[in-house]
Structure formats: structure tokens, C-alpha cells
Amino acid sequence: MRRLIALGSLTGAPGVTTTALALAAAWPHEADGGVRPVVVEANVWGGDLATRYGAPYTPGLLDVAAAARQPQPGSLLGAVAELPFGVRAVVAPAGRGACGEAVRVLAAESGRRVLTGDAGDRGTALLDVGRIGENVEGLLASSDHVMLVTRGCPEALTHVYAHLLGVGEEARRITLVVVGPCSFPAGEITQALGVGDVVFLPWDVRTVAAMRSQRRITLRTSGFRTLPLMAAAHLLARQVSGAGGLVEEPERAGVVRQMRAALVEAAAEGSGV
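Residues numbered from 1 in each chain as written. Predicted model: local features only at pLDDT ≥ 70, side-chain atom pairs only at ≥ 80, totals over all residues. Heavy atoms only, no water.

Draft legend 1. Just the state of the cysteines, in detail. Taken as a whole and judged by the stated rule, the model has zero disulfides. Between Cys 153, a cysteine without a disulfide, and Cys 182, which holds the nearest cysteine sulfur, the sulfur-to-sulfur distance is 8.7 Å. The exposure class of Cys 153 is partly exposed, given its relative accessible area of 32%. (Disulfide = S-S within 2.5 Å. Buried < 20%, exposed > 50% of the residue type's maximum accessible area, 1.4 Å probe, protein only.)

Written out as C-alpha cells, the structure reads:
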């Protein structure tokens, strides 16, 4: 069965969709038997990817939800679109009405069966739920792992703390993904908030621009001149997929150097993820 990883945020727009796309693009080839992950726009407010890339809305999220009501719902992969940089996605139209109902269906038992597939299905579905609220609690509860995406400022982390007060021990299966500058070390955040893990992703306007382009490109995850976000996303993907084992310290240190350079560059340009 497929692994389900939900990604969402509490406030603002810290880069949930960018994080999901970067993870999918950086997913290790050896993970899940070589099956590429699928990004699912499971946001009650609708999606952006179809408009961004000129992809058709159907087949997409609404078709998956409609099929979930049938005795033989079919495969999630039948609704997949191929994005220009090699990521597979189930896209959704903009607007809350139909998408809100579709997410509600997917959070139910029949919808979860479509997302996870049969016993022989392999791979990972990255569920981009957008802003976390009551409508997505079912998807979060049924996911194997939850990534809470946030900015690193004290205000954003305070919202995370308030949210986690009501989560209890479930916080231990949450990875807190801090996007952009943060003056607090990972260990301090983990101790204060009680989350299972904290990772940092850099500002990286070049990767975001490349992802938004409609030209067919390959986003490299290693080697000379690898974009900082892709290098960091690859480490995170190896961690959550279980494919890469422990990350060697020289490799981690190299990624940290790239992230620092990206932060300096982003500060000069006044832009971010």
C-alpha cells in the first residue's frame, strides 16, 4: 500500500506546495521500489497547479473523489498529470465548494482506500492539504506522517506551539519544516514544542522560478551547482522515505553551506520561497 504523507500549515503561506513539489522532485530513486511519488492537491480551497502549468482539471482531484464513491473506485494513478519538471500530481480546480466536498470524501474510509491503493501498490502520496483545519483532520489522522510547514519567526512558532498543545503525543510523529531564516537551533525548537523532528529548508528563488516555468527541466539533487532547496529536500526525502539510511555528516555540512549561501542571496534580493 502507498505511504501517505500530509503537508500543511497553520498561518500565512510558508510554502506548503513548494515543499511538497520539492520533496517529490528530490525523492530518492531507490525508494518505494523506484515508484515515483504523487503530489495530491487536497486543499479545501482548491489548487493552483492546473492553472500554473496549463494542465487540464480533469482527470484530477474531483474525479478521484467521485470514483471513491463507486464499488470499484479504480486507481489514483488514473488521475495523475505530469508536471514539466518530472513530478506527478493530482490537480484540483480553484474554489472551495467542490474541492471542500472532495477532500471530505477522501478523508473517509472509501477515499483513503483510493489514496493508499491495494496491498500490491507501492509508492508515496504527498497530500498538500494547505491550511490545516477541521476539514482535513481525517486526512491527517490517516497519514503515516505529517509535515507542518512554518516560517521561522517567533510569531509563526508561537502558533505552532499553541496548535501542538492540543495534539499531545501525536506531536511526536510530526516533522516541523521551517522555511527560511530562523534564529533558533533545531534542538531548542524540538525541546520547546515537543515535535518529533525539525528540519530547515532555505529560501531559494532559483528553484521556485524553475518550478514555475512551463519548460521541461530536470531539478538535480546532487553534484556541482545543485540548487540549495533541492539539496535540502533530497536529505528530507531520504529521511522520510527510509531509503537513504543515515545522512553522512560531510553531506549534511555541504547542504548547510548551500543553505547559508541561499539565505544571504535571498536577503539581498528581498525574496523567498
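Draft legend 2. How the structure looks around the packing of helix α3 (residues 61–68) against helix α4 (residues 96–107). α4 packs onto α3 with a crossing angle of 45 degrees between their chain directions and a minimal axis gap of 9 Å. With respect to their mutual orientation, α3 and α4 come out oblique. Of the two possible hands of crossing, α3 and α4 adopt the one that is left-handed. Where α3 approaches α4, its residues Leu 61, Leu 62, Val 64, Ala 65 and Ala 68 are matched on the opposing element by Ala 98, Cys 99, Ala 102, Val 105 and Leu 106. (Axes fitted to C-alpha atoms, helices over the stretch in contact; angles between N-to-C directions. Helix = DSSP H or I, 4+ residues; strand = E, 2+ residues; numbered from the N terminus. Parallel < 35°, antiparallel > 145°, perpendicular 65-115°, else oblique. Left-handed = near helix turned anticlockwise from the far one by under 90°. Contact = heavy atoms within 4.5 Å.)

Draft legend 3. How the structure looks around the nonpolar core. By size, the foremost hydrophobic cluster in this structure holds 43 residues, and its most contacted members are Val 40, Val 90, Leu 127, Leu 139 and Leu 176. At six residues, α4 tops the list of elements feeding residues into this core. Those residues within four positions of Val 40 in sequence are excluded, and the remaining contacts are Leu 61, Leu 76, Val 90, Ala 125, Leu 126, Leu 127 and Asp 128. (Core = buried A, V, L, I, M, F, W, Y, C linked by side-chain atoms within 4.5 Å.)

Draft legend 4. Layout of unusual backbone geometry. Between Thr 58 and the following residue, Pro 59, the backbone shows a cis peptide bond with an omega angle of 0 degrees. The residue Pro 59 is located in the loop between α2 (49–53) and α3 in this model.

Draft legend 5. Broad picture of the side chain of Thr 226. Tracing the sequence through the fold places Thr 226 in the loop between α9 (205–212) and α10 (228–241). Within the structure, the side chain of Thr 226 is placed 2.9 Å from the backbone oxygen of Ser 222, a separation counted as a polar contact. Here Gly 223 takes part through its backbone oxygen, which lies 2.8 Å from a polar atom of the side chain of Thr 226. (Polar contact = N/O pair within 3.5 Å; in protein donor to acceptor, adjacent residues only side chain to side chain.)

Draft legend 6. Molecular detail of the sheet that holds strand β4 (residues 88–90). Pairing is mixed across the open sheet formed by eight strands, whose spatial order is β3-β4-β2-β5-β1-β6-β7-β8. Either end of the sheet is taken by a strand with one partner, and the two such strands are β3 (81–82) and β8 (197–201). Two elements, strand β2 (residues 38–41) and β4, share three bridges in a ladder whose sense is parallel. In the strand pairing of β4, Val 38 is matched with Arg 88. (Pairing = 2+ DSSP bridges.)

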